[in-house]
Amino acid sequence: MDDHLLGWLKTLDEDRLARVLANRPDAIAAPWPRRLDTLAQRLGNGFAVMDAMRGLPLPCLEVAQACLVLGENAGADRLARLLDVPEADVLPWLDELYDHALAWPDATGGIRLAGAVSRWWTAPCGLGEPLAHYLNSWTISPDALRTLGRALDLPPHGTKRRLVTRVVEILTDPAVVRELIGGAPEGTLRLLEEFAWDGPARDVDGARFVVPGTAEKWAADHGLLFRPSWNVAEMPREVALAVRGPDYHPPLTPQPPELATLPVDPEEIDHLMALAAPHVVERCAALLENTAKSPLPLLKGGGVGVREVRRVARETGCDEDETRLLLEVCAVARLLAFDEQAGGLVPTDRFDHWRLDDGAARLRVLLAAWWRMERASLRKVDGKYPTVLGDDPAGQAIGRIRRAVLGALAHLPDSTAYAGRAGLVRHVHWHAPLLDQALLAEIAPAVLDEARLLGLIAHDAITDLGRALAALGHVAGSENDDAAPAVEHDPMLVECSTRALASVRRSALFGADLTAVVTGPPSAELAELLDRAADRESRGAASASVWRFSPASVRRALDAGHTPEELLADLAEVGTIPQPLSYLMHDVARRHGEVTVTSVACIVQAADPALLAEIAGHRRLTRLGLRLLAPTVLASAAPAEKTLTALRENGYAPVPIEDTGEITIRRAKIEEPPGGRLILLPGGRVAELEAPPYPLAEPAPDPREHAHRLVLTRDSEKGQGGRTWAVIGRMATRLPTAQQSLLGFVVDRGVRAAITLTDGLTATISHGELRGGVLDAWCEEAGDYLEFPLADIVEVRGVQV
């Protein structure tokens, strides 16, 4: 924890602290901090700092680098002089850094940066470590330091500290350094300029640093270059600035690159969004239905092959790009998963729940999956698409690029389209400069194409649906998450998705030529009904979609278990049924079932026909559905295991036989307990509940509420110090010493532990505080802070992370 950060947090009023927490929601995630020192520890976490930096525009990072260059001397005025801009141009970006707790002012007016920021930029603005870093290093001996002093005409007497101070004073004066270089051997200036502009560290020929008269030896003797190893040399920061000259100023880019834009018709954008959104839902349903009938096999190296992608595209009426995207979106949404028994990808149980939701909810599930997806479905590498659902080494960077591209489009005014992708890429990089620019240029076109298919972009302008999704970048989640409830249940996204699907058609025009025409985008329910009994001939977005009924398509519906009366009744609800279609349905139904094929679960054989006749007529075996196929063969409707069990329970002695005719010896299989959510019961017992089909969205933390609570408690903050162990030892008398120590770590270090109380209640706790004889700790089962009397705790156990 940074004590300077904690000191600054203590000076903030409620409004300023709320702004910090609003920009850093990770700091108030459960279990939320109750003290400012805990908050400071979270804000200074290296990974959290890096996540916050990824959301900052280029000027903020340029200002942060300039602060690193100035080091402890950083201040708003010195910063403005270094950047050669008015101080007013620097202050807004400094405030942005302050509001993210990446920098803060100290009591003297200086600027301090979070430690993780300096660890990220080891060479800010291409400059190396400060001169004092090299002079105070253990690698420089006292003799080498005295030699350096003689080269700089310093008096030989004095302590090492004084000598280091004098060397720093000389080499941090740009005028002195330039005068010193003026008397250097030929080639020295060129050498130093290479280090100053293309350094700070470079590979060198170590032998030249020991040959008298060379530029390398002269630069090293005068403290302008230092060698951490034989073949590597580095230039100190102050020397590099002096070599670059007084006209050098680090860049500050307060405005994004100019992006050519075009006005677009907002009604046309809304219209295209209303066409694309229902189409996505309908095609996903058709794709998943197709995989339910024909599981998608995986390649040996993982992923789905091109041949299978093209087959699905052909059978569902999608184009190949659309199929690639929707397959990966459905997999990330956990609507599609590999089933070992089926030998391929099949719909999951979640698909059964998804298909029963309204269209807008289904669309949000798909958009949330695309938003957290860490792969680019339409990205081309060397002119070819990668394997669908294959591994992508770019991983999380692709997800960040997707959110950055859509976020940059959301910064454009309403009804405004970008005029060129190259300009958009530069614009995105200004808003997210930590993204790899080459990867951004490669991924951005794929992201735009995917967004267009999903209804998030139309005519190169962001739609209302895309704008609502772009505002949720901070809650996107990871591809490994089963769902993103905060995205799926966001109020703005709910409103936009409902409006996007408001214009779907729920009726069809049936013609005497056995066709059904839907003018406009069909609802998923209407498309499923028509796909059930007809073949789609054409698909139109703005015009119409056409289905045709035929004997083969009607027979397909009858094979699926539908009756002609049921089909005609369902079709009559969406349109007027012409007489030829009714005739076709009944005619196919009359011929349906002329030949039958029966499946049996197992067969029962015996050499004695009388024994089989007895078994077939046994009253207690009627539940097996036994039928006599031949004098020595019975067909059972129950599986072999149930048939064997029933026969044995009624006094018979059957044995299982494989297809080869050999008797099978089976061993009992120990089933693992199924997964689920456990709740606490008295006596240490647990009850297992089936998880809901969709995770429920937790309410977003309220930054102002947390800021108010932290401001109220900061004046009464007192560390437990050594009192922790004394209080626990005196009050938690039911615990042995080792368990008392573990409970102490829950208080002092916030570790997780499982406790058991006298009434048998168990709980998993962390981040505890002692309040008299009570442990106030975060309870994971309750999702809140609870109080546990120390005297009632009878056991403490460690919990694996």
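Residues numbered from 1 in each chain as written. Predicted model: local features only at pLDDT ≥ 70, side-chain atom pairs only at ≥ 80, totals over all residues. Heavy atoms only, no water.

Colleague: Could you give an account of the packing of helix α27 (residues 524-533) against helix α29 (residues 564-572), with specific residues and numbers?
Modeller: For the pair α27 and α29, interaxial distance at closest approach is 11 Å and the crossing angle is 145 degrees. Every pair of crossing elements has a handedness; the one defined by α27 and α29 is left-handed. Across the interface between the two elements, L529, L530, R532 and A533 of α27 pack against E566, L567, D570 and L571 of α29. Taken together, the residues of the contact of α27 with α29 break down into five nonpolar, no polar and three charged. (Axes fitted to C-alpha atoms, helices over the stretch in contact; angles between N-to-C directions. Helix = DSSP H or I, 4+ residues; strand = E, 2+ residues; numbered from the N terminus. Left-handed = near helix turned anticlockwise from the far one by under 90°. Contact = heavy atoms within 4.5 Å. Nonpolar A, V, L, I, M, F, W, Y, C, P; charged D, E, K, R; others polar.)

Colleague: Describe the packing of aromatic side chains, naming the residues involved and giving the relevant values.
Modeller: Taken as a whole and assessed by the stated rule, the structure comprises 10 aromatic pairs. Centre to centre, the rings of W778 and Y785 are 5.1 Å apart; their planes meet at 75 degrees, and the pair counts as edge-to-face. Among the residues examined, Y785 registers a relative accessible area of 14% and is labelled buried. Residue placement shows R202 over the ring face of F195; its charged tip is 5.9 Å from the ring centre. In this arrangement the basic side chain of R227 is found over the ring face of W230, its NZ or CZ atom lying 4.8 Å from the centre. (Phe/Tyr/Trp six-rings, centres within 6.5 Å; stacked < 30°, edge-to-face > 60°. Buried < 20%, exposed > 50% of the residue type's maximum accessible area, 1.4 Å probe, protein only. Lys NZ or Arg CZ within 6 Å of the ring centre and 35° of its normal.)

Colleague: Residue-level account of helix α21 (residues 396-410), with values.
Modeller: The first and last C-alpha atoms of α21 sit 21 Å apart over 15 residues, in line with the 21 Å expected at 1.5 Å per residue. Most of α21 sits inside the fold, with 12 of its 15 residues counted as buried. For α21, the complete set of buried residues consists of A397, I398, G399, I401, R402, R403, A404, V405, L406, G407, A408 and L409. (Expected span 1.5 Å × (residues − 1).)

Colleague: Residues and numbers for the environment of A557, please.
Modeller: With respect to the helices, strands and loops of the structure, A557 is situated in helix α28 (residues 551-559). The sequence separation of A557 and L529 amounts to 28 residues, and the corresponding C-alpha distance is 10.0 Å. For A557, the contacting residues outside a window of four places in its chain are R532, A533, H562 and L567.

Colleague: Explain the pattern of salt bridges residue by residue, including any values.
Modeller: Enumeration according to the criterion identifies 43 salt bridges in this entry. A salt bridge links R24 to D26; its shortest N-O distance comes to 3.4 Å. A salt bridge links R334 to D482; its shortest N-O distance comes to 3.1 Å. Within this pair, whereas R334 is found in the loop between α18 (320-332) and β7 (336-339), its partner D482 is found in the loop between α24 (464-470) and α25 (485-488), the two being separated by 148 residues in sequence. Linked by salt bridges that have partners in common, R34, R35, D37, E769, R771 and D776 make up one network. (Salt bridge = Lys/Arg side-chain N within 4 Å of Asp/Glu carboxyl O.)

Colleague: Explain the packing of helix α20 (residues 359-372) against α21 to me, and be specific about the residues and the numbers.
Modeller: Where α20 contacts α21, the two axes come as close as 7 Å, and the packing angle between them is 110 degrees. Classed by the angle they form, the pair α20 and α21 counts as roughly perpendicular. Only R402, R403 and L406 of α21 make contact with α20, whose side of the interface consists of W370, W371 and R372. A class-by-class count of the residues in the contact of α20 with α21 yields three nonpolar, no polar and three charged. (Parallel < 35°, antiparallel > 145°, perpendicular 65-115°, else oblique.)

Colleague: Hey, could you go over unusual backbone geometry for me, with residue numbers and the actual values?
Modeller: Looking along the chain, the bond that leaves A30 and enters P31 is cis, with omega of -5 degrees. Mapped onto the elements of the fold, P31 is located in the loop between α2 (14-23) and α3 (36-43). You will see that S415, though not glycine, has its phi angle at about 60 degrees, which is positive. Mapped onto the elements of the fold, S415 is located in the loop between α21 and β9 (416-418). Residue S415 is classed as partly exposed on the basis of its relative accessible area, which comes to 25%. A positive phi angle, close to 60 degrees, is found at D460, a residue other than glycine. You can see D460 is positioned in the loop between β10 (457-458) and β11 (461-462). For D460, a relative accessible area of 35% gives the class partly exposed.

Colleague: Can you lay out the nonpolar core for me, pointing to particular residues and giving the numbers?
Modeller: One finds L9, L17, L79 and L94 to be the most contacted residues of the largest nonpolar core, which totals 92 residues. Among the elements that make up this core, the one with the highest residue count is helix α5 (residues 58-70) (nine residues). C284, L335, W354 and W371 belong to the second-largest nonpolar core, a separate cluster that totals 80 residues. (Core = buried A, V, L, I, M, F, W, Y, C linked by side-chain atoms within 4.5 Å.)

Colleague: Tell me what's going on with the confidence of the model for the protein, and back it up with residues and numbers.
Modeller: Looking at the protein as a whole, the pLDDT averages 86, with 93% of positions reaching at least 70. For the protein, per-element mean pLDDT is lowest for strand β19 (residues 677-680), which scores 39, and highest for β11, which scores 95. (pLDDT = per-residue confidence, 0-100.)

Colleague: An account of the state of the cysteines is requested, with residue identities and associated values reported.
Modeller: According to the stated counting rule, one finds zero disulfides in the structure shown. Take C125: it sits in no disulfide, and the sulfur closest to it among the cysteines is that of C67, at 10 Å. For C125, a relative accessible area of 19% gives the class buried. (Disulfide = S-S within 2.5 Å.)

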